[in-house]
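Results of the structural survey
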Amino acid sequence: MNVRANFSAHCKLALVWAMALAPGLLHATAPGEDMAWFDAPAERFTESSPIGNGRLGAMIFGGVTDERIVLNESGMWSGSKQDADRQGASAALPEIRRLLLAGQNAEAEKLVNASFTSAGKGSGNGVGSKVPYGCYQVLGNLHLKFVQDGAGAPTTNYRRELDLSNAVSRITYEQNGVHFTREAFASAPDQAIVIRLRADKPGRISLDATLDRPERATTAPEGANALLMTGALSDGKGGEGVHFAAGVRVLAQSGSLKIDHGILQLRGASDAILIITAATDIHTFAGRNTVDAKKAALADLASAGAKSYGALLATHIADYQKYYNRVDLDLGGASPDETAKPTPQRLAMLAKGIPDPALTVLYFNFGRYLLISSSRPDGLPANLQGLWAEEVQTPWNGDWHLNINVEMNYWPAEVCNLPELHQPLFALIASLQEPGAKTAREYYNARGWVAHVITNPWGFTSPGESASWGATSSGSAWLCEHLWDHYLFTGDRQFLAWTYPIMKGSALFYLDMLIEEPKHHWLVTAPSNSPENTFIMADGTKAHICLGSTADMQLVRYLFSACAEAAHILGVDPDLQTELTAKRAQLAPTRIGSDGRVMEWLEEYGEADPHHRHVAHLWGLYPGNEITPDATPGLAAAARKTLDARGDAGTGWGLAFKTALWARLGDGNRAYTLLREHLKPATLETATQQWSGGTYPNLFDAHPPFQIDGDFGGTAAIAEMLLQSRAAPPDQSKPAEILLLPALPDAWPEGSLRGLRARGDFEVALNWKDGHLISASIHSDSDNPVRVSYHDQAANLVFKPGQTIHLDAQLHSVKQ
């Protein structure tokens, strides 16, 4: 079959579009800061290049003869709805609490394990692909085998790059006297992955394309130039769950195309385009709830296939850059010799102490790129791997962990000027109210709603299957912090009116769940634990279950304050406001132990693991707001001692968290030390060491294994080093505050930023040189007052909506 006619529409405008688009759209304007590149094809998933449009994702390996492209779709979830609440669990609650109040924690923990965990198999201990809990899974693989004359010949000038400025993956190389180019992008407007293959000599592209999946899939021809893969995932109960479909269509300018035994065979083309689409019929709180996955995938395939390559590329870039171009960061750059090196070499050089500020900018931009690529409005939230997985059984089910991980995914959303991308998390939170209300009643006889440690698209809110980690009940409180923080950044009263009932429901649960401890008569959560950590009692017994962990208390204190203030702003529930304020004052406070550190538990228990990866008891420092160097210097000093004792090693997300904590303490150099540790190369050796952290060659975070939360946490921590903000207190006794360059390290003596956001509805631009502020600009679309601080200088500003105020190095207003 000659396919010239099918391709003609794509080719006529391609050159016109390429000429019309500015060079900066197609190529990174600052290669060291917007371009991750490699001088060889990827051998492993964590070396490949991610592209995504929020729902569809792909990992580009860049093989010369054999190319593997891993495909993802955010609805690829096995499992199904289930009732995982243990019936009658609340009957055990009085005895659990009695044992805890009597100091018999080990006995209480045994009872929790026996009577207060989830029913059934829970998450399958993190291996849930075949149980009702389910697992996020790979969609499949697109294989391209190049068979033209000379396809096996040596290559020269190989380059594989991911251009963050326009979200385009590009591969170029020379082979057998021919220059080959491949471009790939994932378009949100057209809901398609688009790949273009070009050769600078006619008829030099010949390939076999196949589409497959490790299990539960069938691939068949779809017309004369497409393949369609269909199947259904396990529902975890012995039947079919989510149905899926993925199609690939080939369009070529010249040559011939046929399908033989499920193989798309293209021969003798000079230019070819591959369109890949996919859909699932998952019915959840978000996403495209398609009635028929096959029809949806084919509709997208037809729609995208009818457009020119230039049109597809242009609309993709315009859509992507409306997010990406909001923020610009410059840390002084690096020498051309350094930025010209492949990204893995730059990581290795930084680990050896060779400065490369532009690499930090690249990593910061990569985090923003990943959020834009894995979280879009009306879609599913970024999961433990964002959007990208190559397995059927993804590590830890690729789900949403509520004791830091999914929250960390969204730490950059507000400060990095991507508030719309927060919406999928908000939809997830709202969806947990109904199942969470049942869980609250079944386990605690409580009003409101609760979510524990893990959740999935099917509304899992039960405790996990082990007390050691699954009993944490503060996940819903932490989730609500994201709702309130979005309001603090935006001042959106319509959003606040929508979110208040969610926050209220969460607060009602904790009001009912709290009990009074006998020693100080404080209100505490019971049962409680400090996420995944173990303590040692006076008799040497190890346990996890306790009364009122510090993390719980900080989270509930924040929630009560936020909920009361929201009610006040909206003019509702005066009695609840009074109760929340009174109960908040009775909560167990954050305390300093005899060793000068922040106490992690209500009692000064011994530590089974002094260097534990979680530092949950410093939540009040970051992302919370109850510990600050100026308002609570004693607690800030105790937090510093806590971090010193925990050490600078850790898992990937743990290193990102510690970086942000040091930034909140105003210690830029220590934060930078942690950031460098975070960016250390995760080699094949270190990647097998549990909780060793680091960064893979493609800039993915190493837990290990790959977990994307560290990428997002690292991006947020960099922003926190350069800009911090605090909302005005509830009584409006003082204005909101913006701290400029609060943790600037010596390694970044000069630079600039534009577009970061601050609480109170402010947008900030800064310039600095020789480690000192040169100028700042603050823009606001509201009329909120703000106090801007830089070291010991401060200025009180009052805005008119839409006004920008320019400040000099002394924070004096400059008329422009």
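All residue numbers here refer to positions counted from 1 along the written sequence of the relevant chain. A pLDDT threshold of at least 70 governs which residues receive local features in this predicted model, and a stricter bar of 80 or more applies before side-chain atom pairs are shown or counted, although totals over entire chains, interfaces and linings include all residues. To obtain the side-chain values, all non-hydrogen atoms of the structure were included, while hydrogens and water were left out.

A short note on the overall build of the protein
Let me state the cut-off plainly: In DSSP terms, a helix is any run of H or I states spanning at least four residues, a strand is any run of E spanning at least two, and both are numbered starting from the N terminus. To get the radius of gyration, use the C-alpha atoms; to get the globule rule, take the number of residues to the power 0.38 and multiply by 2.2 Å. Think of it in three bands: residues with accessible area under 20% of the maximum for their type are buried, residues over 50% are exposed, and the middle band is partly exposed, with areas taken using a 1.4 Å probe on protein chains only. It only takes one pair of heavy atoms within 4.5 Å for two residues to be counted as in contact. Per-residue accessibility takes into account occlusion by the displayed protein chains alone, with areas from the Shrake-Rupley method and a 1.4 Å probe. We score Asp and Glu as negative and Lys and Arg as positive, and we do not count His or the chain ends. We put the charge of a Lys on NZ, of an Arg on CZ, of an Asp on CG and of a Glu on CD.
Broken down by element type, the protein carries 24 helices and 33 strands. Here the protein has a C-alpha radius of gyration of 27 Å; the compact-globule value for 816 residues is 28 Å, and the two agree. For the protein, the spread of C-alpha atoms along the three principal axes comes to 85 × 70 × 50 Å. Counting the 816 residues in the protein, one finds 63% classified as buried. Of the contacts formed within the protein by residues at least 6 apart in sequence, a portion of 67% connects residues at least 24 apart. As displayed, the protein offers around 27600 Å² of accessible surface, 52% of which is attributable to carbon and sulfur atoms. Distance from the positive charge centre (68 side chains) to the negative charge centre (88 side chains) of the protein: 3 Å.

Things to note about the pattern of salt bridges
Stated precisely, the cut-off is as follows: Any Lys or Arg side-chain nitrogen found within 4 Å of a carboxyl oxygen on Asp or Glu counts as a salt bridge.
This model, assessed by the stated rule, comprises 43 salt bridges. Glu-67 is paired through a salt bridge with Arg-182; the nearest N and O atoms lie 3.3 Å apart. Linking Glu-67 in strand S4 (residues 66–73) with Arg-182 in strand S8 (residues 178–187), this pair joins segments that are 115 residues apart in sequence. Each member of the pair, Glu-67 as well as Arg-182, is classed as buried. A salt bridge links Arg-757 to Glu-763; its shortest N-O distance comes to 3.7 Å. On the basis of relative accessibility, which here comes to 12%, the residue Arg-757 falls in the buried class. You can call Glu-763 partly exposed: its relative accessible area is 26%. Here the salt bridges share partners, and the residues they tie into one network are Arg-159, Glu-161, Arg-170, Glu-183 and Arg-198.

Brief notes about the confidence of the model for the protein
Convention followed: Scored between 0 and 100, pLDDT is the confidence that the predictor attaches to each residue.
Taken as a whole, the protein shows an average pLDDT of 94; of its residues, 95% reach a score of 70 or greater. Contacts of residues 1–29 to residues separated by more than four positions or lying in other chains number 62 contacts, the stretch itself having pLDDT below 50.

A short note on the pairing of strand S32 (residues 803–808)
To keep things clear, this is the line we draw: At least two DSSP bridges between two strands are required for those strands to pair.
Where strand S29 (residues 772–780) meets S32, six bridges bridge the pair, whose relative direction is antiparallel. Residue pairing across strands places Ser-775 opposite Asp-808, the latter belonging to S32. Connecting S32 to the antiparallel partner strand S33 (residues 813–814) that follows it, the hairpin turn spans four residues, and Leu-811 within it adopts a positive phi of roughly 65°.

Quick notes on the packing of helix H18 (residues 493–513) against helix H19 (residues 550–570)
This is how the line gets drawn: Note on definitions: angles span 0 to 180 degrees between N-to-C directions of axes, and those axes are lines fitted to C-alpha atoms, for helices only across the stretch in contact. Here roughly perpendicular refers to angles of 65 to 115 degrees, roughly parallel to angles under 35, roughly antiparallel to angles over 145, and oblique to all remaining angles. A clockwise turn of the near helix away from the far one marks a right-handed crossing, whereas an anticlockwise turn of less than a right angle marks a left-handed crossing. Here the term charged refers only to Asp, Glu, Lys and Arg, the term nonpolar to Ala, Val, Leu, Ile, Met, Phe, Trp, Tyr, Cys and Pro, and the term polar to all other amino acids, Gly among them.
Two numbers describe how H18 lies on H19: the axes approach to 9 Å, and their chain directions differ by 135°. Judged on the interaxial angle alone, H19 and H18 are oblique. In the packing of H18 onto H19, the handedness of the crossing is left-handed. Contacts from Arg-493, Leu-496, Ala-497, Tyr-500, Met-503, Lys-504, Ser-506, Ala-507, Tyr-510 and Leu-511 of H18 reach H19 at Val-556, Leu-559, Phe-560, Ala-562, Cys-563, Ala-566, Ala-567, Ile-569 and Leu-570. By residue class, the composition of the contact of H18 with H19 is 16 nonpolar, one polar and two charged.

Focus: the packing of helix H10 (residues 343–351) against helix H11 (residues 357–374)
One way to put it is that H10 packs onto H11 with a least axis distance of 10 Å and a crossing angle of 120°. When the axes of H10 and H11 are compared, the pair comes out oblique. The crossing of H10 and H11 is left-handed. Residues Thr-343, Arg-346, Leu-347 and Leu-350 of H10 form the contact with H11, whose own contacting residues are Ala-358, Leu-359 and Leu-362. Among the residues forming the contact of H10 with H11, the class breakdown is five nonpolar, one polar and one charged.

Points about the packing of aromatic side chains
What counts here: In this scheme Phe, Tyr and Trp rings, the latter by its six-membered ring, pair at centre separations within 6.5 Å, and the angle between planes marks the pair as stacked below 30 degrees, edge-to-face above 60, and tilted otherwise. Geometrically, a charge over a ring is one whose NZ (Lys) or CZ (Arg) sits within 6 Å of the ring centre while staying within 35 degrees of the ring normal.
For the structure shown, the criterion picks out 31 aromatic pairs. Summarising the aromatic geometry, the rings of Phe-116 and Tyr-444 are spaced 5.4 Å apart at their centres and angled 90° between planes, so their arrangement reads as edge-to-face. Highlighted residues: Phe-116 in the loop between helix H6 (105–115) and strand S5 (140–146) and Tyr-444 in helix H15 (residues 433–444), separated in sequence by 328 residues. Grouping residues by exposure puts Phe-116 and Tyr-444 together as buried. These aromatic residues form a ring-pair network of at least three members: Phe-45, Tyr-320, Tyr-324, Phe-366, Tyr-369, Trp-388, Phe-700 and Phe-706. Between the NZ or CZ atom of Arg-159 and the centre of the ring of Trp-37, over which it lies, the distance is 4.2 Å. Cation over ring: Arg-368 sits above Tyr-324, and NZ or CZ is 4.3 Å from the ring centre.

Quick look at H18
Each turn of an α-helix holds 3.6 residues, which means side chains three or four residues apart point in the same direction. We apply this condition: Between the first and last residue of a helix there are one fewer steps than residues, each counted as 1.5 Å, and that sum is the expected span. Note that the bend at a residue is defined as the angle between axes fitted to the seven residues ending at it and the seven residues starting at it.
When the terminal C-alpha atoms of H18 are compared, their 29 Å separation across 21 residues agrees well with the 30 Å that a helix rising 1.5 Å per residue should span. Of all the bends in H18, the greatest, near 40°, is centred on Thr-499, and the proline Pro-501 appears no more than four residues after it.

Thoughts on the sheet that holds strand S14 (residues 256–260)
With antiparallel pairing, seven strands are arranged side by side in an open sheet as S2-S3-S4-S5-S10-S15-S14. Edge positions in the sheet fall to strand S2 (49–52) and S14, since each of these pairs with one other strand and no more. When strand polarity is set aside, the average angle formed by the axes of neighbouring strands in this sheet is 20°. The pairing of S14 with strand S15 (residues 263–269) spans five bridges and is antiparallel.

Topic: the nonpolar core
Applicable threshold: Buried Ala, Val, Leu, Ile, Met, Phe, Trp, Tyr and Cys residues that are joined via side-chain atoms within 4.5 Å together make up what is termed a nonpolar core.
By size, the foremost hydrophobic cluster in this structure holds 228 residues, and its most contacted members are Leu-142 and Leu-740. In this structure, Val-194, Ile-273, Leu-312 and Leu-313 belong to the second largest nonpolar core, which totals 13 residues.

A look at H11
Between the first and last C-alpha of H11 there are 26 Å, a value that for 18 residues agrees with the 26 Å anticipated at 1.5 Å per step. Of all the 18 residues making up H11, 18 are buried; the element is thus mostly covered by neighbouring parts of the structure.

Side note on the environment of Ala-656
Checked against the element boundaries, Ala-656 lands in helix H22 (residues 652–664). C-alpha separation for the pair Ala-656 and Pro-785, spaced 129 residues apart in sequence, amounts to 32 Å. Among all residues touching Ala-656, those that are not within four sequence positions of it are Met-408, His-678, Gly-710, Gly-713, Gly-714 and Ala-717.

Digging into the environment of Ala-302
Counting through the fold element by element, Ala-302 comes out in helix H7 (residues 293–305). C-alpha of Ala-302 to C-alpha of Ile-275: the two residues are 27 residues apart in sequence and 9.3 Å apart in space.

What about unusual backbone geometry?
The omega angle of the peptide bond from Tyr-622 to Pro-623 is 5°, so this bond is cis rather than trans. Along the chain, Pro-623 turns up in the loop between strand S24 (606–607) and helix H21 (633–646). Of note, the bond from Pro-704 into Pro-705 is cis; its omega dihedral lies within 30 degrees of zero at 0°. In this fold, Pro-705 is placed in the loop between helix H23 (668–678) and helix H24 (709–722). With phi around 65°, Asn-417 is a residue other than glycine that occupies positive phi space. As for its position among the elements, Asn-417 is in the loop between helix H13 (411–415) and helix H14 (423–431). Of the residues examined, Asn-417 reaches a relative accessible area of 9% and is grouped as buried. The phi angle at Asp-573 is positive, at roughly 50°, despite the residue not being glycine. Within the fold, Asp-573 resides in the loop between H19 and helix H20 (574–586).

A few points about the side chain of Asp-85
As a reminder of what qualifies: Think of a polar contact as two N or O atoms within 3.5 Å of one another; within protein, one of them needs to be a possible hydrogen donor and the other a possible acceptor, and neighboring residues in sequence only count if both atoms come from side chains.
When you line up the elements, Asp-85 lands in the loop between S4 and helix H5 (93–101). At 3.2 Å, the side chain of Asp-85 and the side chain of Lys-438 are in polar contact. With sequence-adjacent residues up to four places away left out, Asp-85 is seen in contact with Ala-119, Pro-435, Lys-438, Thr-439, Glu-442, Tyr-443 and Ser-462.

Looking at the environment of Leu-144
Relative to the assigned elements, Leu-144 resides in strand S5. In this structure, Leu-144 is in contact with Thr-65, Asp-66, Glu-67, Ile-69, Leu-207, Asp-208, Ala-209 and Leu-274, ignoring residues within four places of it in sequence.

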